[in-house]
Amino acid sequence: MAIAANLGFPRIGARRELKTALEAHWAGRISAEDLAAEGALLRARHWALQKEAGLDVIPSNDFSFYDQVLDATALLGAVPERFGPLQGAVTPAQYFAMARGTKTAPAMEMTKWFDTNYHYIVPEFTDGQAFRLGSLKPVEEFLEAKAQGILTRPVLLGPVTWLSLGKAKTAGVDPLALLPAILPIYADILRRLRQAGAEWVQIDEPVLVTDLSQGQARALRSAYADLAEAGPKVMLASYFGALDDNLDLALSLPTAGLHLDLVRAPGQIAQVLAAESGQLSDKVLSLGLVDGRNVWRADLAQALTVAQQAAQAFGTERIQIAPSCSLLHVPVDLAAETGLEEDLRGWLAFATQKLAEVAVLSRALAGADVAADLAASDAAAAARRASPRIHDPRVKARSAAVTAADLARPAPYAQRARAQQAVLALPAFPTTTIGSFPQTAEVRRARADHRKGLLSDADYTGFLQRETEACIRQQEDLGLDMLVHGEFERTDMVEYFGEKLSGYAFTQAGWVQSYGSRCVKPPLIYGDVSRPQPMTVDWARFAQALTDRPVKGMLTGPVTLLQWSFVRDDQPRSETCRQIALAIRDEVADLEAAGLRAIQIDEPALREGLPLRRADWTGYLHWAVDAFRLSAACVRDATQIHTHMCYSEFSDIMPSIAAMDADVLSIETSRSDMDLLQDFGSFAYPNEIGPGLWDIHSPRVPSHAQMVTLLRKASSVIPAERLWVNPDCGLKTRAWPETLAALRNLVAAAAALRAGD
Ligand code: GLN
Ligand code: ZN
């Protein structure tokens, strides 16, 4: 019999119940006990749902009140000193303080989980780092499910991945050297799980699909030599890519099972089949055949072929069918989507539907008659392939006709800079902002009222016009040199454009956890993308007509529009990105024709799109940079192209950033005190650059003196004539008082540098 297994279920709840409960608890409206009860309710519902779907292996400890990496940190008792001593178990208050900070203790850092949009809390390691069992959550949740009649497979984050994701806070601490100190705690929890009755555990080691250092490989060997015997049988889970050169290592570890992501890396099944002789012994293989990272319905016939091939080679009893990774990254249930067009809806599968797909595949492998399911899957796939909603021959032809000439501005930067200066006549150290201004409660209320039909189109537009005009006046009063319209009409920098582009669809409740209680509702790119009408030109023209100072047109770039959406899986991402780039290019051309002298194309997601393996970087960077260039290169020399990026590690992709050839680049640097600019200096970044002077993620207003110091530091690295003065990101989450105070200091700092003091 083949086994239907799941690796993890979304924890937030179909109606974001966990978000509601967490935020009520943080606001002091519900107690820790009430929050715990809501968590238990969600777990029980999700276990029951998986059982009903026909899953044989149901995970536990995949639930989390904030983040599974933070849960592992709590398990290991690795509570940084500033959150108080560890007495017994980590308390809920300590746990949330680590995630969110307190008045006196800043939160632990947060960063993206591999190449997903999920953020985890970064473990911290210091000199003399001690560990001890700080939580029994895996055992408690196992017993909780058991009491409900479900024998689960608890999920633990693996020790080597946990260490690899952490950060040494004291110089000289090598995270991997801490392995011997944490293994006893892992062994302890595994023993307790076995005592509680667990037959299997799932241990996640997604580092297995990355370029492993020798140290990591060694750590994996020694960890699993210890852990494989300590407790229940171990299903070692790799996901988000191919094991590739780590395959032999993964196969050689003495675990009872190995999970493979066959959606991201279908080719590795052939490698495993080839390695079968000897190596695999009696390992159970978990085949990740249903896409845990995207929302498309599986092609069941194709998946079944792979499963049958594996079953033939290894025997059905050694096969499990599973999603490619935890279903954390997809929305809970398609049933909530009543607003989608019927055909499009038929092409989709969310977490609940994916479980059904896994169950069908395992039943098929066991010899059950699944002809009806296969036929439905075939019909959906055929309908999708042939749908006129997906295919726009004009878009395809235009994309195919793109040439190298379309990607390049006609003149080099130095010549363009002269033409731009003639038009813009900016002072030295020109000041600007990144685009958005505070989205006050009033702005959000007007938008909600408009959406509900309580505010007419005309009244809403009138309201936005008044906000925009007030914003322009504020910027003039502050003395900023290059203005923005403020982005009051936008909810979100991707949603706003997605709603106006064809080929995009939006869900009503397709929420995915981004971090903690924060969820996002990524748009869905299902077809060829084009721009039926101008998207931003009216607002840009309106704003520019209010002032003599130059206003920047404000767009989201193609890579970011791609990266923050669910992307169609029937053509390469690079092709979809090029189509989006052409749509943005149309908007750029229209903005220029409308009289805008500067246009900013934001690409905050460019760096996070980097593949997990270095060998794949060049290919990605090539098409991503080309997409940006294609979106921008249609303008005259005198039109100034800006871009903005907000992730702070650029050192290893400097040539690509330079190749984007934006006239002006604004970046986040304030959190690293400008140290990051060194990379731009040593690379001799050729164009203009605006290092962020103010960390807008914090309500703290930096002083004039601090800004002058930062600017001096910047001008020691970048020639003064190429330096801009700006905050490090958009201001939409800030309030007006701190915004005005900080911008006043920023303008004064630029003046001080101009005056040479
Ligand atoms: N222009 C956008 C804004 O100011 C950029 C946001 C971002 O970088 N994430 O809000
Ligand atoms: Zn930003």
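Residues numbered from 1 in each chain as written. Chains lettered and ligands numbered in written order. Predicted model: local features only at pLDDT ≥ 70, side-chain atom pairs only at ≥ 80, totals over all residues.

A. Inspection of the overall build of the protein chain at higher detail. Counting its regular elements, the protein chain contains 27 helices and 21 strands. Its C-alpha atoms give the protein chain a radius of gyration of 27 Å, within 12% of the compact-globule value 27 Å for 757 residues. Based on the C-alpha atoms only, the size of the protein chain along its principal axes is roughly 75 × 60 × 50 Å. Looking at the protein chain residue by residue over its 757 residues, the buried ones come to 48%. Pairs at least 24 residues apart make up 79% of the contacts formed inside the protein chain by residues separated by at least 6 positions. (Helix = DSSP H or I, 4+ residues; strand = E, 2+ residues; numbered from the N terminus. Rg over C-alpha atoms; globule rule 2.2 N^0.38 Å. Buried ≥ 20, exposed ≤ 12 C-beta atoms within 10 Å, placed from the backbone. Contact = placed C-beta atoms within 7 Å.)

B. Region of the structure containing the UniProt feature "binding site: 5-methyltetrahydropteroyltri-L-glutamate" (unreviewed entry) in the protein chain. UniProt's feature table lists "binding site: 5-methyltetrahydropteroyltri-L-glutamate" (unreviewed entry) at Arg-16, Glu-17, Leu-18, Lys-19, Lys-112, Asn-117, Arg-518, Cys-519, Trp-564 and Glu-608, given in the numbering used throughout. Considering the C-alpha atoms alone, the annotated residues occupy 593 residues of sequence and remain spread out, their largest mutual distance being 29.1 Å. Inspection of the secondary structure assignment puts Asn-117 in the loop between β3 (110-112) and β4 (119-121). Apart from residues lying up to four places away in sequence, Asn-117 is in contact with Lys-112, Ser-514, Val-520 and Trp-564. With respect to the helices and strands, Glu-608 occurs in the loop between β18 (598-602) and α23 (617-632). Take Glu-608: there are 18 C-beta atoms within 10 Å of it, and that puts it in the partly exposed class. Contact partners of Glu-608, with chain neighbours within four places excluded, come to Lys-112, Gln-563 and Tyr-647. (UniProt positions renumbered as here; feature names shortened; annotations may be inferred.)

C. Local environment of the domain arrangement of the protein chain. As far as domains go, the protein chain holds domain 1 (3-8 + 50-386) and domain 2 (393-755). Computed over C-alpha atoms only, the centres of domain 1 and domain 2 are separated by 36 Å. Taken residue by residue, the interface counts 27 residues in domain 1 and 22 residues in domain 2. Looking at the side of domain 1 that touches domain 2 residue by residue, the classes come out as 15 nonpolar, 7 polar and 5 charged. (Domains from an automatic or database assignment. Nonpolar A, V, L, I, M, F, W, Y, C, P; charged D, E, K, R; others polar.)

D. Region of the structure containing the sheet that holds strand β20 (residues 664-667). Taken together, 5 strands build an open sheet; the order of strands is β17-β18-β19-β20-β21 and the sheet is parallel. Each end of this open sheet is capped by a strand with a single partner; those strands are β17 (552-556) and β21 (688-691). With strand direction ignored, the average angle separating the axes of adjacent strands in the sheet is 20°. The pairing of β17 with β18 spans 5 bridges and is classified as parallel. By the bridge assignment, Leu-555 is partnered in β18 with Ile-601. (Pairing = 2+ DSSP bridges. Axes fitted to C-alpha atoms, helices over the stretch in contact; angles between N-to-C directions.)

E. Structural detail: the sheet that holds strand β12 (residues 319-323). Spatially, β1-β12-β11-β10-β9-β8-β6-β2 is the arrangement adopted by the 8 strands of the open sheet, whose pairing is parallel. Every other strand in the sheet has two partners, leaving β1 (3-4) and β2 (59-60) as the edge strands with one partner each. Judged from the 3 bridges that link them, strand β6 (residues 153-157) and strand β8 (residues 200-204) form a sheet pairing that is parallel. Looking at the pairing, Leu-157 lines up with Asp-204 of β8. Here helix α11 (residues 300-314) sits on the sheet in contact with β11 (284-290) and β12, set at roughly 170° to β11.

F. Inspection of the UniProt feature "binding site: L-methionine" (unreviewed entry) in the protein chain at higher detail. Under the UniProt annotation, "binding site: L-methionine" (unreviewed entry) lies at Ile-434, Gly-435, Ser-436, Glu-487 and Asp-602. Despite a sequence span of 169 residues, these residues sit close together in the fold, their greatest C-alpha distance being 13.0 Å. Secondary-structure assignment places Asp-602 in strand β18. Sequence-distant contacts of Asp-602, that is, excluding residues within four places in its chain, are made with Met-493, Leu-555, Thr-556, Gly-557, Thr-560, Thr-643 and His-644.

G. Broad picture of the environment of Ile-390. For Ile-390, the position within the fold is in the loop between α14 (371-386) and α15 (393-400). Sequence separation of Ile-390 and Tyr-504 is 114 residues, and the distance between their C-alpha atoms is 10.0 Å. Ile-390 has contacts with Arg-384, Tyr-526, Gly-527 and Asp-528, leaving out every residue within four places of it along the chain.

H. A look at the site of ligand 1. Taken together, 13 residues sit near ligand 1, with Ile-434, Gly-435, Ser-436, Pro-604 and Gly-730 positioned nearest. Of the residues belonging to the shell around ligand 1, the class tally is 6 nonpolar, 4 polar and 3 charged. (Near = placed C-beta within 6 Å.)

I. Fine view of unusual backbone geometry. Even without being a glycine, Asn-61 presents a positive backbone phi close to 65°. Tracing the backbone shows Asn-61 in the loop between β2 and α3 (68-75). Classification of Asn-61 as buried rests on a count of 28 C-beta atoms within 10 Å.

J. Expanded view of the packing of α15 against helix α22 (residues 573-593). Contact pair α15 / α22: the axes reach a minimum separation of 10 Å and the direction vectors enclose 95°. When the axis of α15 is compared with that of α22, the two are roughly perpendicular. Side by side, α15 and α22 meet where Val-395, Arg-398 and Ser-399 of the first sit next to Glu-575, Arg-578, Gln-579 and Leu-582 of the second. Its residues assigned to classes, the contact of α15 with α22 comprises 2 nonpolar, 2 polar and 3 charged. (Parallel < 35°, antiparallel > 145°, perpendicular 65-115°, else oblique.)

K. Representation of the nonpolar core in the model. In terms of nonpolar packing, the biggest core is built from 209 residues, with Leu-287, Leu-289, Ala-307, Ile-321, Leu-361 and Leu-746 touching the most fellow members. Residue-level mapping places this core at the junction of two domains, with at least three residues from each of domain 1 (3-8 + 50-386) and domain 2 (393-755). For Ala-307, the residues in contact, after removing those within four places along its chain, are Leu-287, Leu-289, Ile-319, Ile-321, Leu-361 and Leu-365. (Core = buried A, V, L, I, M, F, W, Y, C linked by C-beta atoms within 7 Å.)

L. Structural view of helix α17 (residues 441-452). A rise of 1.5 Å per residue sets the reference length of α17, with its 12 residues, at 16 Å; its end C-alpha atoms lie 16 Å apart and thus fit the reference within 8%. With respect to burial, α17 is a largely exposed element, only 1 of its 12 residues being buried. Residue Gly-453 follows α17 closely and has a positive phi angle near 85°. (Expected span 1.5 Å × (residues − 1).)

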